[in-house]
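Next come the chains, spelled out residue by residue.
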Amino acid sequence: MEFGEGIELENAQPRALFRLAPSELKLGHKVIALDCAWEDTPFPGSFLLVETFEQKRILREQCRWVVIDLSAGSNPARPSGKQVEPLFEALPPMAERVDLLQRSRLSAETLKVGMKVYRTLLRRVTDFTLSFRESGRLDVDVAIGTTQLLARAQDLSLAALLWLTRIKDKQFYLAQHGVNTSILMSGFVRALGWGRERVETAALIGLLHDLGKARLDLDLLAKSDQLSEDELDELRTHPVLGYELLRRNPEISWEVASAIHASHERPDGQGYPRGLEGNAVPVMARITAIVDAYDAMTSVRFHGRQMTHQQALGMLWKERDRQFDQYLVEAFIKFLGWITPGTLVRLSDERLAVVIEIRSENTVRPLVRPIERSGDEFELGPELLLAPQFGDDGRSGPKIIELLPDNSSGVRMRDLTTKLFGLLDLPAERLSDEPAAGLASLQTARRRVEPADPAPDAAAAEGETRPAELPYRGLRVLVIDDSMTIRKTLRALLEREGLSVQLADSGEEGLTALGEKPFDLVFLDILLPGMSGFSVLRELRRMKLLEHMPVVMISGNPQATEQFFLERIGADDFLPKPFSQPDLTACLARLQKRQRLRPGAARTVLPDGRA
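Since this is a predicted model, take the numbers as computed values, not measurements.

**Q** Explanation requested: the side chain of T308 in the structure shown.
**A** Looking at the element boundaries, T308 is found in the loop between helix 10 (283-297) and helix 11 (309-318). T308 sits in the buried class, given a relative accessible area of 9%. Filtering out sequence-adjacent residues up to four positions away, T308 remains in contact with T298, L403, L404 and P405.

**Q** What am I meant to see in unusual backbone geometry here?
**A** Leaving glycine out, the prevailing phi sign among residues is negative, and the prevailing peptide bond configuration is trans. Backbone torsion omega between Y272 and P273 reads 10 degrees, so that peptide bond is classified as cis. Tracing the sequence through the fold places P273 in the loop between helix 9 (254-261) and helix 10. Phi at S409 is positive, roughly 55 degrees, even though this residue is not glycine. Tracing the backbone through its elements, the reader meets S409 in the loop between strand 13 (400-404) and helix 13 (413-423).

**Q** Explanation requested: the sheet that holds strand 4 (residues 30-34) in the structure shown.
**A** The strands that make up a sheet are held in pairs by hydrogen bonds between backbone atoms, and each pair lies either parallel or antiparallel. The sheet built from five strands is open, its strands ordered 5-4-6-3-7 with antiparallel pairing. At either margin of the open sheet sits one strand with a lone partner, and together these are strand 5 (48-49) and strand 7 (84-89).

**Q** Help me out: how do you make sense of the side chain of E357 in this one?
**A** Looking at where E357 falls in the secondary structure, it is placed in strand 9 (residues 352-360). Classification of E357 by relative accessible area gives buried; the value is 4%. A distance of 3.3 Å separates the side chain of E357 from the side chain of R105, its partner in a polar contact. Only 3.2 Å separates the side chain of E357 from the backbone nitrogen of L106, close enough to count as a polar contact. Those residues in contact with E357 that lie beyond four places of it in its chain are S104, R105, L106, P366 and L367.

**Q** Honestly, the layout of surface pockets in this entry has me stumped. Any pointers?
**A** Gaps left between atoms are located by rolling a probe of water-molecule size over the structure's atoms. Approximately 430 Å³ is the volume attributed to the second largest pocket. Lining the second largest pocket are 18 residues; nearest its centre among them are G81, E197, T201, S253 and E255. If you list the elements that add at least two residues to the lining of the second largest pocket, you get helix 3 (140-164), helix 5 (196-208) and helix 9. The greatest single-element share of the lining of the second largest pocket, amounting to five residues, is contributed by helix 5. Class assignment for the residues of the lining of the second largest pocket results in five nonpolar, six polar and seven charged.

**Q** Can you help me understand the packing of aromatic side chains in this one?
**A** What describes a pair of aromatic rings is the distance from one ring centre to the other and the angle between the planes of the rings. In total, this model carries four aromatic pairs according to the counting rule given. Ring geometry for F188 and F332: centres 5.2 Å apart, planes at 75 degrees, overall edge-to-face. Here F188 is found in helix 4 (residues 173-192), whereas its partner F332 is found in helix 12 (residues 326-336), with 144 residues between them in sequence. Taken together, a centroid distance of 5.6 Å and an interplanar angle of 40 degrees make the contact between F188 and F335 tilted. Here F188, found in helix 4, pairs with F335, found in helix 12; they are 147 residues apart in sequence, far enough to count as distant. One aromatic cluster in this structure is built from F188, Y294, F332 and F335. One cation-aromatic arrangement involves R320 over W317; the distance from NZ or CZ to the ring centre is 3.7 Å. One cation-aromatic arrangement involves K419 over F378; the distance from NZ or CZ to the ring centre is 5.7 Å.

Reading guide: rules and limits
Chains are numbered independently. Their residues run from 1 in the order of the written sequence. Side-chain atom pairs in this predicted model are given and counted only at pLDDT of 80 or more, local residue features only at pLDDT of at least 70, and totals for whole chains, interfaces and linings cover all residues. Neither water nor hydrogens contribute to the side-chain values; these are computed over all heavy atoms in the structure. Here a helix means four or more residues in a row that DSSP labels H or I, a strand means two or more in a row labelled E, and each is numbered from the N terminus. Burial classification: accessible surface area is computed with a 1.4 Å probe over protein chains only, and a residue below 20% of its type maximum counts as buried, one above 50% as exposed, and the rest as partly exposed. In this analysis, two residues are considered to be in contact whenever any of their non-hydrogen atoms come within 4.5 Å of each other. Pairing between two strands requires that DSSP report at least two bridges joining them. Any pair of nitrogen or oxygen atoms within 3.5 Å is treated as a polar contact; in protein, a donor-acceptor pairing is required on top of that, and neighbouring residues in sequence qualify only through side-chain atoms on both sides. Grid spacing is 1 Å over the protein atoms alone, the probe is 1.4 Å, and a cavity is where that probe fits but cannot get out, while a pocket is an open set with protein on both sides within 12 Å along at least five of seven lines and lining residues have an atom within 4 Å of a point. Grid points are joined across faces, edges and corners, and a volume is the space filled by probe spheres set on the points. Each residue gets one of three labels, nonpolar for Ala, Val, Leu, Ile, Met, Phe, Trp, Tyr, Cys and Pro, charged for Asp, Glu, Lys and Arg, and polar for the others, Gly among them. Here a pair means two rings of Phe, Tyr or Trp (six-membered ring of Trp) with centres within 6.5 Å. Their orientation is stacked below 30 degrees between planes, edge-to-face above 60, and tilted elsewhere. Criterion for a charge above a ring: Arg CZ or Lys NZ at most 6 Å from the ring centre, at most 35 degrees from the ring normal.

Function cannot be inferred from these measures alone, as they are strictly geometric.
Pasting the structure below:
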């Protein structure tokens, strides 16, 4: 039986097989395969029951990995650790009740937490996608920290997070899909009762599962016509591209990389890229396939019609045990329920409404807010607890007669969310700069044009210009970043602020430009090929003429930079990626307040007198 990665077991009757580094072995594990020949070890035969630490030491010296049959040893505990990959595993036991979502409540507190997490996720998946597209790099610490944040938020804000997954925009599908998949997967695994560690693993897989698409032609991803066989073959390379990146990073667990590699495999063996079947498809990959399909079917996307919640669940049910794991499909449908928070519905009295939460007694009673229209505008009415949806217990009142797709009937979920925030006295501007600059520029790159306004919902509307009296108007700015997309986006935003911009794609080129022409401000990426942003900053601070040059560092990892690097290395401010026009305006205002930006007439002068 072939398992890939050079693993082949003759006459295997697999029940619970795991590939793992010898350092992850526990006493009582039965080793049935090695990445080296058994003859090269002191162990006779073709298997080994690990009984001593000396045996582990020998295996660590001789092998990079081993395969264990967990069901055949004396230690049945599922191995954990970064270097553990399930090869053949039946579904672990699932909780009797998986209706966690129906027991979660939507409130001002949960929405506040949920929005913070949602926007953080969106920023991160955008940054990962941009970085991987341009350089093949991934900031793993930020990815892991973000999914840990999501796992903690599930305890309080599951209903709020599910509501936010209903905010869907066709042009931002790639990033939003990663965020939605992460939220849905982590919530589902938590409902299954599999523990915090696996919840975090599920969140990370969901966040990164489509990372390989960032290396594909964006015109292909945005094509609405039927794909040719060659185009389908190219599209099907994305799980392999993502896997190859992730497996090279020691901080990404083997289980995460393996699940992404197998996320398009099927129980019937008709999937890709390896044609795995049944329990040879990793459990987390089976969950990814279900959640990925559900969010895709309920989204507005470039190819494939948008379905309602019920239609998507019906398609999952139809394809159970062929395209999707039967038992996981059944559990996922129970997890989401007949209806979810944020679903747009039509009531029996013909009013539109949005579902707030589900009240379950002996039957299903959705709590909704009717949508009250006035021309093209609408408001959310007071909460209304509907009559029981199934059966007749004598209670009268409207019922739901139709579930509608997200963003249909002229009602955008983004606007609904803003209205709900207002009703709950939460600041509506939490939505104003999402999607942010990097996300918009990734999508506009496929059109091969200069980026448009990168924040379509921001306060700066199309056609608006920055006021001419800005004190820093006309100052010269140098942008040093190895991402062409980020350079172009930042130039567009800075020029809207009235600044003159020059671009450099490396630290060396940036230092050369600084020696040839005077500048008043530098935006400097931290992760640069060759000479890093930190090295460039240190060099600037050593140069007499440029030691007081204001420098703003750019990165997708604010936790690692805002305090340590700004304070100890000497940068003046920090701009997290992805960014929007309001982010940049606020950054310039901070520099101006601290008198770090010269007036337009008082520029840096080079030693030869050039200004």
